[in-house]
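Okay, here's what each chain looks like letter by letter:
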Amino acid sequence: MNYPFSPPPRLLMGPGPSNVSPEVLAAQARPTIGHLDPGFVRLMDLIKGQLRAAFRTNNRVTFPLSAPASLAMEMALVTLLEPGDTAIIAQNGVFGGRMAEIARRAGATVQLVCAEWGKPVDPEAVRASMLEAPQAKLLAFVHAETSTGVRSDAAALCALAREAGMLSVVDTVTGLGGIPVLVDDWHADAVYAATQKCLSAPPGLAPITFSDRAVAAVMARTSPIQSWFLDLGLMLGYWEGEGARSYHHTAPVNALYGLHESLSRLLEEGLETSWARHRAAHEQLADRLQGLGVAFVVDKAHRLPQLNTVWVPEGVEDAPARRRLLDEFGIEIGGGLGPLAGRIWRIGLMGETCRMENVERLADAIAAILP
Ligand SMILES: *Cc1c(COP(=O)(O)O)cnc(C)c1O
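How each quantity is defined
Residues numbered from 1 in each chain as written. Predicted model: local features only at pLDDT ≥ 70, side-chain atom pairs only at ≥ 80, totals over all residues. Heavy atoms only, no water. Helix = DSSP H or I, 4+ residues; strand = E, 2+ residues; numbered from the N terminus. Rg over C-alpha atoms; globule rule 2.2 N^0.38 Å. Buried < 20%, exposed > 50% of the residue type's maximum accessible area, 1.4 Å probe, protein only. Contact = heavy atoms within 4.5 Å. Areas by Shrake-Rupley, 256 points an atom, 1.4 Å probe, with all protein chains shown as cover. Lys, Arg positive; Asp, Glu negative; His and termini not counted. Charge placed at Lys NZ, Arg CZ, Asp CG, Glu CD. UniProt positions renumbered as here; feature names shortened; annotations may be inferred. Arc of directions from axis to C-beta. Polar contact = N/O pair within 3.5 Å; in protein donor to acceptor, adjacent residues only side chain to side chain. Near = heavy atom within 4 Å. Nonpolar A, V, L, I, M, F, W, Y, C, P; charged D, E, K, R; others polar. Phe/Tyr/Trp six-rings, centres within 6.5 Å; stacked < 30°, edge-to-face > 60°. Lys NZ or Arg CZ within 6 Å of the ring centre and 35° of its normal.

Participant: I keep staring at the overall build of the chain and nothing clicks. Help me out?
Facilitator: Secondary structure assignment for the chain yields 13 helices and 14 strands. The C-alpha atoms of the chain give a radius of gyration of 21 Å, which matches the 21 Å a tight globule of 371 residues would have. C-alpha atoms of the chain, sized along the principal axes, occupy 60 × 55 × 45 Å. Here the chain, with 371 residues, has 57% of them falling under the buried criterion. Partitioning the contacts of the chain with sequence separation of at least 6, the portion at a separation of at least 24 is 72%. On the chain, roughly 15300 Å² of surface is accessible, and the fraction owed to carbon and sulfur atoms is 54%. The centroid of the 32 positive side-chain charges in the chain is displaced by 2 Å from the centroid of its 39 negative side-chain charges.

Participant: Quick question: what am I supposed to make of the UniProt feature "modified residue: N6-(pyridoxal phosphate)lysine" (unreviewed entry) in the chain here?
Facilitator: Under the UniProt annotation, the feature "modified residue: N6-(pyridoxal phosphate)lysine" (unreviewed entry) is placed at Lys197. With respect to the element layout, Lys197 can be found in the loop between strand E9 (190-192) and strand E10 (206-210). On the basis of relative accessible area, Lys197 is assigned to the buried category, the value being 10%. Residues in contact with Lys197, not counting those within four places in the same chain, are Pro15, Ser18, Thr146, Val173, Thr174, Met350 and Gly351.

Participant: Can you help me understand helix H9 (residues 232-239) in this one?
Facilitator: Within H9, burial applies to Leu232, Met235, Leu236, Tyr238 and Trp239. Projected onto a plane normal to the axis of H9, the buried residues spread over an arc of 150° and lie on a single side. In this fold, the buried residues of H9 make contact with helix H2 (38-55), strand E2 (61-65), helix H3 (69-80), E10, helix H8 (212-219) and helix H10 (253-269). Capping the start of H9, Asp231 holds a side-chain oxygen 3.0 Å from the backbone nitrogen of Gly233, two or three residues further along.

Participant: Hey, could you run me through the UniProt feature "binding site: substrate" (unreviewed entry) in the chain in this one?
Facilitator: The UniProt record annotates "binding site: substrate" (unreviewed entry) at Arg346. Relative to the elements of secondary structure, Arg346 occurs in strand E14 (residues 344-348). Overall, the relative accessible area of 7% leaves Arg346 in the buried class. Separated by 2.8 Å, the side chain of Arg346 and the backbone oxygen of Thr146 make a polar contact.

Participant: In this structure, what is going on with the environment of Thr309? I would like to understand it.
Facilitator: Mapped onto the elements, Thr309 comes out in strand E11 (residues 307-311). What makes Thr309 buried here is its relative accessible area of 1%. Along the primary structure Thr309 and Cys114 are separated by 195 residues, whereas in three dimensions their C-alpha atoms are 20 Å apart. Here Thr309 is in contact with Thr148, Gly149, Phe296, Val297, Val298, Ile344, Trp345 and Arg346, once residues within four sequence places are set aside. Here the side chain of Thr309 touches Thr148 through a polar contact of 2.8 Å, landing on its backbone oxygen.

Participant: Is there a simple way to think about the site of the ligand in this case?
Facilitator: The full set of residues close to the ligand is Pro68, Ala69, Ser70, Phe95, Val142, Ala144, Thr146, Asp171, Val173, Thr174, Gln196 and Lys197. With respect to the ligand, the side chain of Thr174 contributes an N or O atom lying 3.2 Å from an oxygen atom. Computed on the free molecule, the ligand has an accessible area of 380 Å², of which 87% lies beneath the protein chains in the complex. Its residues assigned to classes, the shell around the ligand shows 6 nonpolar, 4 polar and 2 charged.

Participant: Please explain the packing of aromatic side chains as it appears in this structure.
Facilitator: The description of an aromatic ring pair uses the distance of the two centres, along with the angle that the planes make with each other. Scanning the entire structure with this criterion turns up 2 aromatic pairs. Where Tyr238 meets Trp239, the ring centres are 5.8 Å apart and the plane angle is 70°; that geometry is what we call edge-to-face. Assigned by exposure class, Tyr238 and Trp239 land together as buried. Among the aromatic residues, ring-to-ring pairing joins Phe63, Tyr238 and Trp239 into one connected group. Positioned above the aromatic ring of Phe296 is the side chain of Arg303, whose terminal nitrogen or guanidinium carbon lies 4.1 Å from the ring centre.

This is the structure in structure tokens:
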């Protein structure tokens, strides 16, 4: 039996995925070639160069992991942590909590530095935690907390880690392409992102980069990495092999065509221009929402332009209202998670979605459903 499917038209203004351009979709429809084909190896090298530019790094070990970003989070932590290590993990939303869970499962002792949901990670609290656990191997934190719409000060946090002789693990899944991500300036050690947020490629790939310091720490492990798939050394035989690349897994060839196209578009626009576009659209959205009496959750100084969290307006029921936006206006926005479930909306202005006409379309739709 043949069950046809065609996706409904959607304006994706939630926490990801964001809308994908026709050019990226067309790139993904190109003929599949072998994942060890010399032509494909050339594409791998191009993508690694593009990712270095996007991350602002010269790190040799920079590549797209064939997986959603959750696995990049897992790779960063399980490759750097050995059983018995201590990890300092900042938690100010959902994703910091996941990092802590992964680190515990890797056998590490986790020292949590908690901040209220909706607030950034507090560098002073991190410093205090480092004084308590000077033996900790790394500090992990979320640069752009998608569950709350908060930006933390990655430069300051990475500097603290460096001063304390610890490695830094930075989740910038929602950051890359939307706000400055300066891996080398920050001296960050393991940094990862995703395709479906501000890069606007379909979900399923996770750019990741490791500093030489991080690679040295991996090589100095005394126990093997428990995960075969996430073993960085084995993975690099495929992504880095000189001349001959060894088979590790079958790369998602067509998805990588799409990533290459999306990175080409981003780098052609220019990172600074893209950051400015996200800021301008955010300001326009904030203006329109303020006019409608819809209030932001996060202080102005710590807001992510690409992920706007607002309190569900008075007299509006969360889920039915979001359903109306979807059914009547074709617009997806996100609901709250954890303690903020039912209380906030998460409005994404990421990558291709981040355009003034989309801001206007959403603001008009919200105006139409307000009581
Ligand atoms: C979306 C997101 C992830 C997880 O990405 P997946 O591709 O869904 O696995 C991790 N961290 C943050 C901050 C995110 O926003």
